[in-house]
Amino acid sequence: MDGSGSVELQAMPADPDLVSRRSPVPPSGTVAFLFSDIEGSTARWEAGRDAMQSAVHRHDTLMRSAIEAHRGYVFKTVGDAFCATFARARDALEAALYAQRTLAAVDWSAVKGLRVRMAIHVGDADERSGDYFGPAVNRVARLLATGHGGQVLLSAIAAELIEGTLEPEIALRPLGVFRLKDLTTPERVYQLIAPGLQSEFKALRSLDAVPNNLPRQSTSFIGRGDDIDCIKELQRSAPLVTIAGTGGVGKTRLALQVAAELLDDMDGGAWFVNLAPVADPAIVAGTIAAVLGVSQHVDRPPLDALLDYLKDRRLLLVFDNCEHVVAEAARIAAAILECASQVTILATSREALNVGGERVYRVSPLPDRESLRLFVERAQTASPGFSLDDSNDAKVAEICGHLDGIALAIELAASRLRTHSLDDLSRRIEERFRVLRGGDRAAQPRHQTLWALIDWSYELLDDTDRSFFRHLAVFTGGFTLAAAAAVCENDALDEWAALDLLSSLVDKSLVVADAGEAPHRYHLLESIQRYARERVDKSGESRWLSQCHAEFFSGLAGAAYAEWDIAPGPGWLAALRPELDNFRSALAATLERDRDGALGAQMAADVVPIFMRLSLLREAIGWCEKALESRPTVDRAIEARLRYGLSMLYNNQMDLRKALENVERSVALYRQTNDARGLTRALSQLAQQYGRQARYGEAAALAIEALARARETGDRRLLAATLQRCAFSLGADDIETARAQFAESVALFRDLGRDDETGRALLWWADSESVAGCFARAIDLSNEALQIVGPAEKPFVLSNAAGYGLALGDYERAAGIVREAFALAAGISHPILTSLAIAYLAVLANRSDPLGAARLFGYARARLGELDWQPVASDARIQDDLVDSLRRSLDERELQACFAEGAGWPEEQALAQAAAV
C-alpha cells in the first residue's frame, strides 16, 4: 500500500498555538487510536531508577506534546504507556511520525537507549467520562504488543483510510496477516516507512511466531488486566498454576489470554488441552499426548510416552476443565513437573489439583466496571445500535448487579437485546431472580445464579427450540449441522430447519458457532451442556437420544470405512478428526453400557482406520477387544473385520504374535462370509505374517489365492495393496517374483495418484531387497521413497536406509542418515526406532571409542529385547559384525561389563550419550 497523492504528510512541530489545535473534547463514534509504550522499560527501571525516572518524564512530555500538537486526546496513561484518540487516522499517523523522530533525536544513553513502539487502529468505541471501551480498544492494545521499539504498526482499516494521502518518500509496508494475542480475527498489519525511522525489525510477536494451538475466539477479551498480571507472575515463579472459580466466571477465556501473553517466554509453544469431553480418566494422558502429536503405542502407557516427549522441552500446557477428572489430572501434572523441569502448567478447575508446588488463583466475579464493559460490548454485537448513555447506564448497571459479575451470565443477558428492550430485560431478570435474593445473599452459591440464568433463558424458548436445545447435550466435542439435524428430533429434521433452530440458539448465546471451521461446527459451553443434560435426564429421553447419537455416528464411521476401503481422499482424515470424541461417546454408550452391542461392534470395526491414522493404536485395540467381549455371539462378518483390524493394529505395534493370531482367525471367519474384499485383504495380511516367520511355502499359497481374488475384483487399488503384501511375504525365497510384484504394485499406485501408498510400497520393497542382501538396491528404493512419503513415514524410511548403509559398510554416507534417523525417532518417542538408531550409532562410535560403543549397544540390545523385536537380515548382519569387531578390541570380561552397564542406563542417559556420537 505505497500510495501517493496531493496531500503531503507533515511532521508538525509543537508551538505556542498548541492549545488551539488540541481536540477540545474527546472524539466519539468512529475514532483513531494511537497506543504507545517503551520497550524493555522494566529492565531499565531495575538498572537505574533515578536515570529512568528522568528519562520517562522527558518521554512523557514529548509524547503528550506530539499527540496534542496533532489534535489528539490522551485519555489514559499507564506507567510509560500512552493511550490517545484522534478524529482522523491521518492525524494519528502524523503524531506517531513526529513522536518517533523527536524521540530518536534525544540522547538516551543514561538509560542505555530508549525505544518506543506504537500502534494505530480505527474503530467504533464508547466514550464514558473520558475513557473508552469496546473491541477497538482491545484490538489496538494487542496490535501494539506485537511490535518492537521504534516501530509504528497500523491495522488494515487504519492503513486503508490513510492510503493515497502520503507523500512519495513515506509508505505503508504490508507485513502480512497475523493472529494477535486477543485470539480473535487475524489482522493484516502494516508498518510506517519514512525517512528518519528504522525500517527493518525482527518478526512481529504474534501468535504465529511460536507454535501453539490456542483456539481462535469469536469475541474480544474484556478486562481482567489485574488477573492476567497476577497469573503471569505466578506462572513465572511456579510450575503449576490453577485458575479456580465457579462455572461461567470466565476461567477458560482467562487462561487462554494468559497463555497468549506468555507465548514469547515459551520456545516450545503453548498447548491447549480441553478435558471437558473426556469422560474416562484413563484417557486423559492419551488426550494430552494427542494434542502434542506424541505417538502412542500399545506396549507402553501413554503417560510414559508423554513424559519422554516433554522432558527436554520448554512449553506451556493449559489443562482446561479438570474438575471431573481432577484426580487423574493431578497425577499427570505431578508426573510432568517431576520429570520435565522446563514445562509449566496452567489449569482451570472448580477446585485445586492439590499437587506439590501448585499455586491457586481464585477468579472472582467481574468488578462492576468490567461487568459493564462486557455487557456493552456483547450488547452491541447483539444489537448494533445499542450504546451506553446517561439514559440507560443505571439500568445496565442494575442488570449487571443482578448477574453477580458472572461473565457467561452477562453474555447471555446481553444477547437477549436482539429480541427484548432493555426495560423488558431488566424486568424479566428481576422477576426471575427474586427468589435467589431472599435470605442470606452470601449463602447463595454463585453457580446458582448462573444456573438460574440458563434456566431463565431456557424458559424463554418455545417448545421446538427447547426440545432441540435439550437434545444437543448428547454431542461431545462439538457437532455439525448434519449431525444436529439427524440426531436431535424424533423425526429427523431437514438441514434448513435445523439451521434455523441452531441460528436461533446461537443468537441467544446458548450455542457457540466455532469460528473458522469447515464444515461449520457448533458446541455448547460446559455449564450450558450440563444444564441441558440434566433437562434430558428429567425428560426421560436419555436412552432414546443416546441411541440416535450412536446410530448417526455409526453411519458416519461406516461411510468413512467405505471410503477408506476404496480410495480415501486427501481430506478424509481431516473431516473425521473433529468427531473423535463423538465416536468415543457412541462406542461407550453401545459397548460399555451394553445398550446395543451389535451396533457398537460394527462401529468399533469401522473406526479402526481412523484411530490408526491418528496413532491411537492402544485405544483402538481396546475398543475392538471390548466389542469382541461384549456379546458372546458377535456376527461373523463383523468379527472377521474386528480380527482383521486387530491384526493391523498389532502389526503396527510390532506385536507379531497377536497380529498373526488375529489374522488367522480373520481368514477363517471371512471364508464363512460373502465379503470377497475382506477375505482378499486378510489373505494377503496372513501371507505377510507367514513370510515374516520364513514360512515361505504357506505364504506363497496364500499369496496366489489373494492375488487371484484381487484381480477378479477389478479394483486396481486393492490389487496394488495385495501385490505389495504378497511380494513382501516372499522374502529372499523368490526375490525375482517379489521384484515383479513390487514393480506392478508401485506402478498401479502411481497411476492412481496415491503418493502415500506408493512411498509405502517402495519402503516394503527396499526391506525385501535387504533381506536378499541387495543393500545398494534397498538404498536406492529408500531414497526414492523419501521423495514422496509424508512426515509420519519418514522416520521409518530413514531408519531402514541407515541400516542398509551400515550393512553395506558405507559408513561415511550412512553417518548423516543415522543421526537424522535418531533425531526423528527420539522426537516422536518411538521405542523401537530409537533403540535401533542407538544401535546404529554404536557402530559409528566403535570406530574411535569401542568402550562407548559397547555401552550404547548394550542399552539398545536390552531395550529391543524387552520390546520382543526380531531383527531383519540387515540388522542381524550389522549387530553380528559389531559384536565381532568389539571382541577384537576388548576382552570378553570387559565387553560384557560394558554391555551390562549400558543395559542399566536410564533412557535420558542413553539419549544423551547417543546424541554425542
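Along each chain, residues carry numbers from 1 onward, in the same order as the chain's sequence is written. Under the rules for a predicted model, residues below a pLDDT of 70 receive no local features and side-chain atom pairs below 80 are neither given nor counted, while totals for whole chains, interfaces and linings still include all residues. Side-chain metrics rest on all non-hydrogen atoms present in the structure, leaving aside hydrogens and water.

Across its full length, the chain carries 40 helices and 16 strands. Atoms considered for the radius of gyration are the C-alpha atoms alone. The globule rule reads 2.2 Å times the number of residues to the power 0.38. Here the chain has a C-alpha radius of gyration of 33 Å; the compact-globule value for 917 residues is 29 Å, and the two agree. Within the chain, the proportion of its 917 residues that are buried is 56%. In what follows, residue pairs with any heavy atoms lying within 4.5 Å of each other are defined as contacts. Contacts spanning at least 24 positions in sequence make up 73% of the contacts within the chain whose residues lie at least 6 apart. Residues counted as positive are Lys and Arg, residues counted as negative are Asp and Glu, and His and the chain ends are not counted. One atom stands in for each charge, and that atom is NZ of Lys, CZ of Arg, CG of Asp or CD of Glu. If you average the places of the 99 positive and of the 127 negative side-chain charges in the chain, the two averages end up 1 Å apart. For helices the rule is a DSSP run of H or I covering at least 4 residues; for strands it is a run of E covering at least 2, with both sets numbered from the N terminus onward. Each residue gets one of three labels from its accessible area relative to the maximum for its type: buried under 20%, exposed over 50%, partly exposed in between, using a 1.4 Å probe on protein chains only.

The subject of this paragraph is the packing of aromatic side chains. Between rings of Phe, Tyr and Trp, where Trp is taken as its six-membered ring, a pair exists when centres lie within 6.5 Å; planes separated by under 30 degrees are stacked, by over 60 edge-to-face, and by other angles tilted. A full pass over the atoms with the stated rule returns 18 aromatic pairs. Relative to phenylalanine 35, the ring of phenylalanine 33 has its centre 6.3 Å away and its plane inclined at 85°; by these criteria the two rings are edge-to-face. When sorted by exposure, phenylalanine 33 lands in the same class as phenylalanine 35, which is buried. Look at phenylalanine 375 and phenylalanine 386: their rings are 6.4 Å apart centre to centre, the planes differ by 70°, and that puts the pair in the edge-to-face class. A residue pair is termed long-range when its members are at least 10 positions apart, and phenylalanine 375 in helix α12 (residues 368-382) and phenylalanine 386 in the loop between α12 and α13 (393-402) qualify at 11 residues. For the pair shown, phenylalanine 375 and phenylalanine 386 are each scored as buried. Through successive ring pairs, a cluster of aromatic residues spans Phe475, Phe479, Tyr522, Phe552, Phe553 and Phe583. Ring-over charges, as used throughout, are those where CZ of Arg or NZ of Lys falls within 6 Å of the ring centre and within 35 degrees of the ring normal. Above the plane of the ring of tyrosine 458 lies arginine 466, whose end atom (NZ or CZ) is 5.7 Å from the centre. In this structure, arginine 641 is placed above the aromatic ring of tyrosine 561, and the distance from its NZ or CZ to the ring centre is 3.9 Å.

This part takes up the nonpolar core. One finds Leu472 and Leu642 to be the most contacted residues of the largest nonpolar core, which totals 159 residues. Counting residues per element, this core draws most heavily on helix α36 (residues 831-845), at 11 residues. The term nonpolar core refers to a set of buried residues drawn from Ala, Val, Leu, Ile, Met, Phe, Trp, Tyr and Cys, joined through side-chain atoms within 4.5 Å. Core analysis: the second largest hydrophobic core is formed by 52 residues, Ile222, Val363, Phe375 and Ile410 among them.

Overall, antiparallel pairing links the three strands, which are arranged β14-β16-β15 in an open sheet. Unpaired on one side and paired on the other, β14 (479-480) and β15 (512-513) mark the two borders of the sheet. When DSSP finds at least two bridges between two strands, those strands are taken to pair. Both β15 and strand β16 (residues 521-523) contribute to a ladder of two bridges, which runs antiparallel. What sits directly across from valine 512, in β16, is histidine 523.

Attention now goes to the environment of serine 36. Relative to the helices and strands, serine 36 resides in strand β1 (residues 29-38). When its relative accessible area of 1% is taken as the criterion, serine 36 is described as buried. Along the primary structure serine 36 and valine 360 are separated by 324 residues, whereas in three dimensions their C-alpha atoms are 33 Å apart. Excluding residues that lie within four positions of it along the chain, serine 36 makes contacts with Met63, Asp80, Ala81, Phe82, Val116, Arg117, Met118 and Leu144.

Right, let's talk about the sheet that holds strand β12 (residues 344-349) for a bit. Here five strands make up an open sheet; going across it, the order is β10-β11-β12-β9-β13 and the pairing parallel. Each edge of the open sheet carries a strand with a single partner, namely β10 (270-274) and β13 (358-362). Neighbour-to-neighbour, the strand axes of this sheet turn through a mean angle of 20°, independent of strand direction. By the bridge criterion, five bridges tie β10 to strand β11 (residues 316-320) in an arrangement that is parallel. Its bridge partner being in β11, alanine 270 is matched across the sheet by leucine 316. Fitted lines through C-alpha atoms give the axes, limited to the stretch in contact for helices. The angle between two N-to-C directions lies from 0 to 180 degrees. Its contacts with the sheet place helix α8 (residues 251-262) against β9 (240-244), β10, β11 and β12, and it is angled at close to 165° to β12.

Caution applies to low-pLDDT regions: their predicted coordinates should not be interpreted in detail. The predictor attaches a confidence to each residue, and that confidence, scored 0 to 100, is pLDDT. Residue-level pLDDT values for the chain average 86, and 93% of them are 70 or greater. In the model, residues 1-23 has pLDDT below 50 throughout and makes 57 contacts with residues more than four positions away in sequence or in other chains.

Working rule for helices: expected span equals 1.5 Å times residues minus one. The end-to-end C-alpha distance of helix α24 (residues 597-613) is 25 Å, a good match for the 24 Å that 17 residues give at a rise of 1.5 Å each. Of all the bends in α24, the greatest, near 40°, is centred on valine 607, and the proline proline 609 appears no more than four residues after it. Within α24, 14 of the 17 residues are buried, which leaves the element mostly enclosed by the surrounding structure. Serine 615 sits one or two residues past α24 and shows a positive phi near 65°. In this analysis the local bend is the angle between axes fitted, respectively, to the seven residues ending at and the seven residues starting at the residue.

The subject of this paragraph is the side chain of glutamine 724. Looking at where glutamine 724 falls in the secondary structure, it is placed in helix α30 (residues 716-730). Residues contacting glutamine 724, with those up to four places away along its chain left out, are Phe742, Ser745, Phe749, Glu757, Arg760, Ala761 and Trp764.

Every case where a carboxyl oxygen of Asp or Glu lies within 4 Å of a side-chain nitrogen of Lys or Arg is listed as a salt bridge. Applying the stated criterion to the full structure yields 56 salt bridges. Its salt-bridge partner being glutamate 411, residue arginine 378 comes within 3.0 Å of it at the nearest N-O pair. On the criterion of sequence distance, the pair formed by arginine 378 in helix α12 and glutamate 411 in helix α14 (residues 407-415) is long-range, its members being 33 residues apart. Overall, arginine 378 belongs to the buried group, its relative accessible area being 10%. Shared partners join several salt bridges into a network, and the residues in it are Arg71, Arg88, Arg90, Asp91 and Glu94.

In this section: the pairing of strand β3 (residues 81-86). Among the six residues of β3, six are classified as buried, and the element is accordingly described as predominantly covered. Of the two faces of β3, the one carrying Ala81, Cys83 and Thr85 and the one carrying Phe82, Ala84 and Phe86 are both buried. As paired elements, β1 and β3 share five bridges and run antiparallel to each other. Bridging across to β3, phenylalanine 33 finds its partner in threonine 85. Where strand β2 (residues 72-78) meets β3, six bridges bridge the pair, whose relative direction is antiparallel. Bridge pairing in β3 places lysine 76 opposite cysteine 83.

Spanning 12 residues, helix α33 (residues 775-786) covers 16 Å between terminal C-alpha atoms, matching the ideal 16 Å at 1.5 Å per step. Regarding α33, the residues found buried are Phe775, Ala778, Ile779, Leu781, Ser782 and Ala785. Buried residues of α33 fall within an arc of 165° about the axis and therefore sit on the same side. Contact partners of the buried residues in α33: α32 (755-771), α34 (794-808) and α38 (873-889). Each direction from the helix axis to a C-beta atom contributes to the arc, which is the arc of those directions.

All right, on to the side chain of histidine 121 then. Along the chain, the position of histidine 121 falls in strand β4 (residues 116-128). Look at histidine 121 and you get buried, because its relative accessible area is 8%. Identification of polar contacts relies on pairs of N or O atoms within 3.5 Å, with a donor-acceptor requirement for protein atoms, meaning one able to donate a hydrogen and the other able to accept it, and with residues adjacent in sequence counted only if both atoms are side-chain atoms. Looking at histidine 121, its side chain comes within polar contact range of the side chain of serine 155, at 2.7 Å. Apart from the residues within four sequence positions on either side, histidine 121 is in contact with Val31, Ala32, Phe33, Ala136, Arg139, Val140, Ser155, Ile157 and Ala158.

A word on the environment of threonine 287. Mapped onto the secondary structure, threonine 287 falls in helix α9 (residues 284-292). Taking relative accessible area as the criterion, threonine 287 reaches 11% and is therefore assigned buried. In this structure, the C-alpha to C-alpha distance between threonine 287 and isoleucine 429, residues 142 residues apart in sequence, is 40 Å.

The next subject is the packing of helix α10 (residues 302-310) against helix α11 (residues 326-339). Direction vectors running N to C along α10 and α11 enclose 35°, while the axes themselves pass 9 Å from each other. The handedness of the crossing between α10 and α11 is right-handed. Side by side, α10 and α11 meet where Leu303, Leu306, Leu307 and Leu310 of the first sit next to Arg331, Ile332, Ala335, Ile336 and Cys339 of the second. For the contact of α10 with α11, the class distribution of residues is eight nonpolar, no polar and one charged. Each crossing gets its handedness from the near helix: less than a right angle anticlockwise from the far helix is left-handed, clockwise is right-handed. Any residue that is not Ala, Val, Leu, Ile, Met, Phe, Trp, Tyr, Cys, Pro, Asp, Glu, Lys or Arg is counted as polar, Gly included; the first ten are nonpolar and the last four charged.

Another point: unusual backbone geometry. A negative phi angle is the norm for most residues apart from glycine, just as the trans form is the norm for most peptide bonds. Despite not being glycine, asparagine 321 has its phi angle at roughly 65°, a positive value. Along the polypeptide, asparagine 321 turns up in the loop between β11 and α11. Judged by its relative accessible area of 9%, asparagine 321 falls in the buried class. Of note in the backbone geometry, asparagine 354 takes a positive phi value of approximately 60° without being a glycine. Topologically, asparagine 354 is positioned in the loop between β12 and β13. A relative accessible area of 69% means that asparagine 354 is categorised as exposed.

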